[in-house]
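The lines below spell out each chain.
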Amino acid sequence: PFDPSMNKAIYSLADAPEFLFDEERTMRTRSWSENLTYLTGVGYLGGSIAGGGWGLYGSMKAVPEAAADSSKLRLNRMLNSVSSRGRTIGNTWGCIGLYYAALESASMAYTENRYDTLCSIFAGGGAGALYKSMSGPRAIAVYGAGGAMLSGLNVAVQSVIGR
């Protein structure tokens, strides 16, 4: 029979993370490039899944002409809707994640990691404002305030959880 504890003995696997350099051991957050890659990827993946679900729901809810609707047409409509919504929302959330990570890393470097909470809220507001920067001042203000509020909510929840 398979015993998982044998793998640790055979391959001498460590329980704690291993670091190549001692400087990495003292860091308490990801580097700016890791943060940029992580948040952009998470935004794109999450947006693609959410958009795909939204597209699937929309295609299931649509009621076409009964005479011209076959199973192949339904499947094609479903796949088109899923891929269209998933791609659109994924790209949107990926861009917002990219803006957020860049602004947070820049503000953390500027303040020398002293104001984590304020840097996160600034990055959320800036990401929302930057995303809608071509839509006029009203959209910039609304999306900037929304991004700052969502980022503040994230900071508050993380402090309550104790992370």
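(A) Here's a closer look at the packing of aromatic side chains. Per the counting criterion, the structure on display carries zero aromatic pairs. The ring of Trp54 carries the charged tip of Arg85 above its face, separated from the ring centre by 4.1 Å. Positioned above the aromatic ring of Tyr143 is the side chain of Lys132, whose terminal nitrogen or guanidinium carbon lies 5.2 Å from the ring centre.

(B) Layout of the packing of helix H3 (residues 32–61) against helix H4 (residues 71–110). Where H3 meets H4, the axes come as close as 6 Å, and the angle between the chain directions of the two elements is 155°. Relative to H4, H3 is oriented roughly antiparallel. Viewed along their axes, H3 and H4 form a crossing whose handedness is right-handed. In the contact of H3 with H4, the residues fall into 16 nonpolar, 17 polar and three charged.

(C) Up close: the packing of helix H5 (residues 116–131) against helix H6 (residues 137–161). The geometry of H5 relative to H6 is characterised by a closest axis approach of 6 Å and an angle of 145° between their N-to-C directions. Taken as a pair, H5 and H6 cross one another with a handedness that is right-handed. Residue-level inspection shows Thr117, Ser120, Ile121, Gly124, Gly125, Gly128 and Ala129 of H5 in contact with H6, the latter providing Ile140, Tyr143, Gly144, Gly147, Ala148, Ser151, Gly152 and Val155. Of the residues contributing to the contact of H5 with H6, the split by class is six nonpolar, nine polar and no charged.

(D) Main features of the environment of Pro137. Looking at the secondary structure, you find Pro137 in helix H6. The exposed category is assigned to Pro137, whose relative accessible area is 70%. Measuring from C-alpha to C-alpha, the distance between Pro137 and Gly152 comes to 22 Å, with 15 residues separating the pair along the chain.

(E) Broad picture of the layout of surface pockets. Put simply, the largest pocket is a space of about 1,500 Å³. Broken down by secondary-structure element, the contributors of at least two residues to the lining of the largest pocket are H3, H4, H5 and H6. Sorting elements by how many residues they give to the lining of the largest pocket places H6 first, with nine residues. Partitioned by chemical class, the residues of the lining of the largest pocket number 14 nonpolar, 18 polar and five charged.

Conventions used here
- Residues numbered from 1 in each chain as written.
- Predicted model: local features only at pLDDT ≥ 70, side-chain atom pairs only at ≥ 80, totals over all residues.
- Heavy atoms only, no water.
- Phe/Tyr/Trp six-rings, centres within 6.5 Å; stacked < 30°, edge-to-face > 60°.
- Lys NZ or Arg CZ within 6 Å of the ring centre and 35° of its normal.
- Axes fitted to C-alpha atoms, helices over the stretch in contact; angles between N-to-C directions.
- Helix = DSSP H or I, 4+ residues; strand = E, 2+ residues; numbered from the N terminus.
- Parallel < 35°, antiparallel > 145°, perpendicular 65-115°, else oblique.
- Left-handed = near helix turned anticlockwise from the far one by under 90°.
- Nonpolar A, V, L, I, M, F, W, Y, C, P; charged D, E, K, R; others polar.
- Contact = heavy atoms within 4.5 Å.
- Buried < 20%, exposed > 50% of the residue type's maximum accessible area, 1.4 Å probe, protein only.
- 1 Å grid on protein atoms, 1.4 Å probe; cavity = no way out; pocket = protein on both sides within 12 Å on 5 of 7 lines; lining within 4 Å.
- Points joined across faces, edges and corners; volume = space filled by probe spheres on them.

Read these as geometric descriptors, not functional statements.
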